[in-house]
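Structural overview for review
One-letter residues, chain by chain:
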Amino acid sequence: NAGVTQTPKFQVLKTGQSMTLQCAQDMNHEYMSWYRQDPGMGLRLIHYSVGAGITDQGEVPNGYNVSRSTTEDFPLRLLSAAPSQTSVYFCASSYIAGAYEQYFGPGTRLTVT
Amino acid sequence: QQQVKQSPQSLIVQKGGISIINCAYENTAFDYFPWYQQFPGKGPALLIAIRPDVSEKKEGRFTISFNKSAKQFSLHIMDSQPGDSATYFCAAGRGTGANNLFFGTGTRLTVIP
């Protein structure tokens, strides 16, 4: 199993550009989520999904969209990038919602200039 | 508002010493408390987790101590090794329903040989 994969690994955007961060898992997990990691802020939840077709907002959803058309994929879209979105983004998945281990991807380092 | 407060921000320990990282939470509905370990350039990975029905859980050199009345929990790393040098995140959440975890701000541990 590849686990949780994320692409790209690094990305530089100009303010106002849009892009999609890809996330896929091959463990048949129902729950998937996106976090951003900033120095001194820990990991903050952006959006999450408890199954295909179901998404909801986390702590910091503004400026981001998600969709979940399949169990495997959970892309994160930045609609109009801003310097405040410079961060490291992690996708995670777990078996189902509840007290289960979350498996994290390797992360995408995004810089917005 | 930070749901989970973590300290210290950084920690330097001699090889063979004990590393202690502390966390506190406010929401009494939380009933799942995991610790994640993150090496540079990697995603976080689950290290150990505890439910509030026990006051301590030990796995090898890693122990979680839990104080429900004080709403605090801590990670103890016994016989710390240079390979333990990493960033550690505590987290808290509800074990049922949406598996949304709230993470602490992280502790960067350096174990000196």
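Please refer to the structure placed before this passage.
The structure reproduced in this document is the subject of the present report.

**Focus on the environment of Thr111 of chain A**
Residue and element names in this part refer to chain A.
- Within the secondary structure layout, Thr111 lies in strand β11 (residues 108–112).
- On the accessibility criterion, Thr111 (32% relative accessible area) is partly exposed.
- It is 24 Å that separates the C-alpha atoms of Thr111 and Ser93, two residues lying 18 residues apart in sequence.
- Excluding anything up to four places from it in sequence, Thr111 contacts Gln11, Val12, Leu13 and Thr86.

**So, the packing of aromatic side chains**
- Counted by the stated rule, this structure contains 17 aromatic pairs over all chains.
- For the ring pair Tyr25 of chain B and Phe30 of chain B, a centre distance of 6.3 Å and an interplane angle of 45 degrees mean the geometry is tilted.
- Site record: aromatic cluster; members linked through ring pairs are Tyr25, Phe30, Phe33, Trp35, Phe66, Phe73 and Phe102 of chain B.
- Across the ring face of Phe74 of chain A, the terminal group of Arg68 of chain A is positioned such that the distance to the ring centre comes to 6.0 Å.

**Details of unusual backbone geometry**
- A cis amide bond, omega -5 degrees, links Thr7 of chain A with the succeeding residue Pro8 of chain A.
- Residue placement: Pro8 of chain A occurs in the loop between β1 (4–7) and β2 (10–13).
- Following Ser7 of chain B, the chain continues into Pro8 of chain B via a peptide bond in cis, with omega recorded as -5 degrees.
- Relative to the assigned elements, Pro8 of chain B resides in the loop between β1 (4–7) and β2 (10–14).
- Its identity is not glycine, yet Asn28 of chain A carries a phi of approximately 60 degrees, on the positive side.
- The residue Asn28 of chain A is located in the loop between β3 (19–25) and β4 (31–38) in this model.
- The exposure class assigned to Asn28 of chain A is exposed, which follows from its relative accessible area of 54%.

**Let's talk about the pairing of strand β5 (residues 45–50) of chain B**
Residues and elements named next belong to chain B.
- Pairing geometry for strand β4 (residues 33–38) and β5, over 5 bridges, is antiparallel. Among the inter-strand pairings, Gln37 is bridged to a residue of β5, identified as Ala45.
- Connecting β4 to the next strand, β5, in antiparallel fashion are 6 residues, including Gly41 with a positive phi near 80 degrees.

**What to know about the state of the cysteines**
Residues and elements named next belong to chain A.
- Evaluated as defined, the whole model comprises 2 disulfides over all chains.
- For Cys23, the disulfide goes to Cys91, at an S-S distance of 1.8 Å. Taking the sign of the torsion about the S-S bond as the criterion, the disulfide between Cys23 and Cys91, at about -70 degrees, is left-handed. In this pair, Cys23 is assigned in strand β3 and Cys91 in strand β9 (residues 87–94), connecting sequence segments 68 residues apart.

Definitions and limits used
Residue positions are counted from 1 within each chain, in the order its sequence is given. Each chain takes a letter, starting from A, and each ligand takes a number, starting from 1, following the order in which they are written. Owing to the predicted nature of the model, reporting of local features is limited to residues with pLDDT of at least 70; listing and counting of side-chain atom pairs is limited to 80 or more, with chain, interface and lining totals taken over all residues. For side-chain calculations, the full set of non-hydrogen atoms in the structure is used, while hydrogens and water are omitted. Strands are runs of DSSP state E lasting at least two residues, helices are runs of H or I lasting at least four, and both sets are numbered from the N terminus onward. Categorising residues by exposure relies on relative accessible area from a 1.4 Å probe, with only protein chains included: less than 20% of the type maximum marks a residue as buried, more than 50% marks it as exposed, and the intermediate range marks it as partly exposed. Every residue pair with non-hydrogen atoms within 4.5 Å of one another is taken to be in contact. Stacked, tilted and edge-to-face pairs are distinguished by plane angle, under 30 degrees for stacked and over 60 for edge-to-face with tilted covering the rest, among Phe, Tyr and Trp rings (Trp via its six-membered ring) whose centres lie within 6.5 Å. Working rule: Lys NZ or Arg CZ, within 6 Å of ring centre, within 35 degrees of ring normal, means a charge sits over the ring. DSSP-based pairing: two strands are paired if at least 2 bridges between them are found. The disulfide definition used here is simple: a pair of cysteine sulfur atoms within 2.5 Å.

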